[in-house]
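Observations on chain architecture
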Amino acid sequence: MLERLLIRSGVLALPSGPHRADVLCEGGRVVAIGRDIDAPGARVVDASGMTVGPGLIDVHVHGGGGHSFFTQDRSRIEAYAAWAPRNGVTSFLVSTVGNGPDETEAILEALAPAVGHTSGAEVLGFHLEGPFINPVRHGAFPPGMLRAPSLEEWERFDAAAGGNIRQVTLAPELPGALPLIHAIDRAGGIPAMGHTDATTAECAAGFEAGIRHVTHLFNAMRPIHQREGGPIVAALLEDRATCELICDGTHVDPAPLRMAYRVLGPSRTVVVTDNLHLAGMEATSGRFAGEEVTVTGAKAAKADGTIVGSVATMDTHFRNTLEFLGVDLATAFRLCSTNPAGVAGAAGRKGQIEPGFDADMVLLDGELRVRLTVCRGEVVFDGR
Ligand SMILES: [Zn+2]
């Protein structure tokens, strides 16, 4: 039986402005929001002086705290789920792929039982980043891991994951990509454009086929040229698509992030970490996809300088969102929680503090540091 929990006197970051209120949670859900709620027997958390927002949701993360999602060991996912709430994360998509279709299938099959079944942060499904991406824009993935789009392989992956693949990052210009986009869409996943060298016309065909999301806009894609806008311009102008922004200040300079946000606005922007297992660690080196990476500040890079992933945790991305994009607190929660919930297929139960929604909340102090995190009505991190 989940406990009854009362978050007393916090300031809720609501779209209508900051609002002091109590939040009562029962059975893992929010049941009431209001002033001076009387809740006999409830565990009470005094949130005075703190901001209360919906728990942060990361739809593009490969691990953290030393735990990597490039694994067939489900206990790594469970360990990450226990660790991530200290960064305000209350749910996430497992972003992964294997070295070859057999390994991808084995990873998905081994990790699928974790979906919806971790304590701490909740696994909402998978983000398959590859293998159907363009070798020209492979980023940190070894070119040998990449595959030509294949409906047969996609069906194997979807079955291995038990229908839990939410997002698939692919390059729409590859032969066979368009029928694959249709198939992902039909299966209830979100076809996402990324690691792509597409021209404007190839992007248009991809959006027409069903692409609804763009993986780390700016990174691992053809840059803007004045006579060939490519994926960046096409994505910004495509009203049907949401776009991921990595707001660590390293993957993309704050100025292009601001420019993108001016076009995308609050409804189409999704902040992601693209975190590596080294995120939040003291370690200054480690391995990614079999290669040595070195961490300098917020950046993890291979010896040739290729950025492998971010090591700045989600709470840092949240604070950067305010600073880099110039948004208010309520909007920052929209970009780091509400919109990601939509990508993860959980818009009806996560990403907002509302009666009936999952009681996933983060309490921030005056410096916007995470002080306490609640996952489905349970206090899972208390750093007060
Ligand atoms: Zn990634």
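Residues numbered from 1 in each chain as written. Predicted model: local features only at pLDDT ≥ 70, side-chain atom pairs only at ≥ 80, totals over all residues. Heavy atoms only, no water.

Quick word on the pattern of salt bridges
How we decide: Any carboxyl oxygen of Asp or Glu within 4 Å of a side-chain nitrogen of Lys or Arg constitutes a salt bridge here. Secondary structure counts use DSSP, requiring at least four H or I residues in a row for a helix and at least two E residues in a row for a strand, with both numbered from the N terminus. Only protein chains enter the accessibility calculation, which uses a 1.4 Å probe. A residue is then buried if its area is under 20% of the maximum for its type, exposed if over 50%, and partly exposed in between.
Counted by the stated rule, this structure contains 21 salt bridges. In this structure, Arg156 and Glu105 form a salt bridge, with 2.6 Å as the shortest nitrogen-oxygen distance. Highlighted residues: Arg156 in helix 3 (residues 151-160) and Glu105 in helix 2 (residues 101-111), separated in sequence by 51 residues. A residue is classified by how much of its surface remains accessible, and Arg156, at 23% relative accessible area, is partly exposed. Put simply, Glu122 and Arg376 hold a salt bridge, and the shortest N to O gap is 3.6 Å. One end of the pair, Glu122, is in strand 10 (residues 122-129); the other, Arg376, is in the loop between strand 21 (370-375) and strand 22 (378-382), with 254 residues separating them in the sequence. In terms of burial, Glu122 and Arg376 fall into one category: buried. One continuous salt-bridge network, built from bridges that share partners, spans Arg29, Glu122, Arg349, Lys350, Asp358, Asp360 and Arg376.

Concerning the coordination of the zinc ion
As a reminder, the rule being used: As a rule, N, O and S atoms within 2.8 Å of a metal are its donors, except that Na, K and Ca use 3.2 Å; water is not among the atoms, so sites may look incomplete. Square planar and octahedral assignments, for four and six donors respectively, both demand that opposite donors be over 155 degrees apart and that all other angles lie between 65 and 115; tetrahedral needs four donors with all angles between 85 and 135 degrees, and anything else is irregular.
For the zinc ion, the full set of protein donor atoms is His60 (NE2), His62 (NE2), Glu129 (OE) and Asp274 (OD), at a range of 2.0 to 2.3 Å. Relative to the metal, the 4 donor atoms surrounding the zinc ion lie at angles of 84 to 167 degrees, and the coordination shape comes out irregular. Every donor residue of the zinc ion comes from the same chain, spaced as H-x1-H-x66-E-x144-D. With His62 in the loop between strand 6 (56-61) and strand 7 (63-64) and Asp274 in the loop between strand 15 (269-272) and strand 16 (285-288), the pair connects residues that are 212 residues apart, well separated along the chain.

Some words on the domain arrangement of the protein chain
Note the following rule: By convention here, the domain bounds are inherited from an automatic or database domain assignment. Contacts are assigned to residue pairs with any non-hydrogen atoms lying within 4.5 Å of each other. Buried area: the sum, over both parts, of the accessible surface (1.4 Å probe) that disappears when the two are put together. Distance and chemistry together define a polar contact, namely a pair of N or O atoms within 3.5 Å, with one atom able to donate a hydrogen and the other to accept it when in protein, and with adjacent residues in sequence counting only for side-chain atoms on both sides.
Taken as a whole, the protein chain is organised into domain 1 (5-52 + 354-382) and domain 2 (56-343). The straight-line distance from the C-alpha centre of domain 1 to that of domain 2 is 29 Å. Each side of the interface is counted separately: domain 1 has 19 residues, and domain 2 has 19 residues. With both chains or domains summed, domain 1 and domain 2 bury close to 1400 Å², and 66% of this area falls on carbon and sulfur atoms. Looking at the side of domain 1 facing domain 2, the largest losses of area belong to Leu368, Val370 and Arg376, adding up to 34% of the total buried there. One can count 1 salt bridge joining domain 1 with domain 2. On inspection of domain 1 and its partner domain 2, the count reaches 4 residue pairs in polar contact (both at pLDDT 80 or more).

Comments concerning the side chain of Asn320
Residue placement: Asn320 occurs in helix 8 (residues 314-325). A relative accessible area of 11% places Asn320 in the buried class. Among all residues touching Asn320, those that are not within four sequence positions of it are Cys247, Asp248, Gly249 and Leu325.

Considering the pairing of strand 12 (residues 190-193)
Filter applied, for reference: Strand pairing is defined by DSSP finding a minimum of two bridges between the two strands. Viewed with both strands pointing away, a crossover whose connecting path from the first strand over the helix to the second turns clockwise is right-handed.
Where burial is concerned, the two faces of strand 12 agree: the one with Ile190 and Ala192 and the one with Pro191 and Met193 are both buried. As defined by bridge partners, strand 11 (residues 165-170) adjoins strand 12 across 4 bridges and the pair is classed as parallel. The residue of strand 12 that forms the bridge with Leu170 is Met193. Chirality of the crossover, the property in question, places the unit of strand 11, helix 4 (residues 177-186) and strand 12 among those that are right-handed. Where strand 12 lies against strand 13 (residues 213-214), 2 bridges are found, and the strand directions are parallel.

Overview of empty space enclosed by the protein
This is how it is decided: With a 1 Å grid spanning the protein atoms alone, the term cavity applies to any set of points in which a 1.4 Å probe fits but cannot get out, the term pocket to an open set with protein on both sides within 12 Å along at least five of seven lines, and the term lining residue to any residue with an atom within 4 Å of a point. Grid points are joined across faces, edges and corners, and a volume is the space filled by probe spheres set on the points. Residues were grouped as follows: Ala, Val, Leu, Ile, Met, Phe, Trp, Tyr, Cys and Pro as nonpolar; Asp, Glu, Lys and Arg as charged; and all remaining residues, including Gly, as polar.
Here the structure, examined in full by the defined rule, presents 1 cavity of 30 Å³ or more. What the largest cavity holds in volume is close to 30 Å³. What lines the largest cavity is simply Asp58, Tyr80, Trp83, Asn87, Val89, Thr273, Asn275, Thr313 and Met314. Tallied by class, residues from the lining of the largest cavity come to 4 nonpolar, 4 polar and 1 charged.

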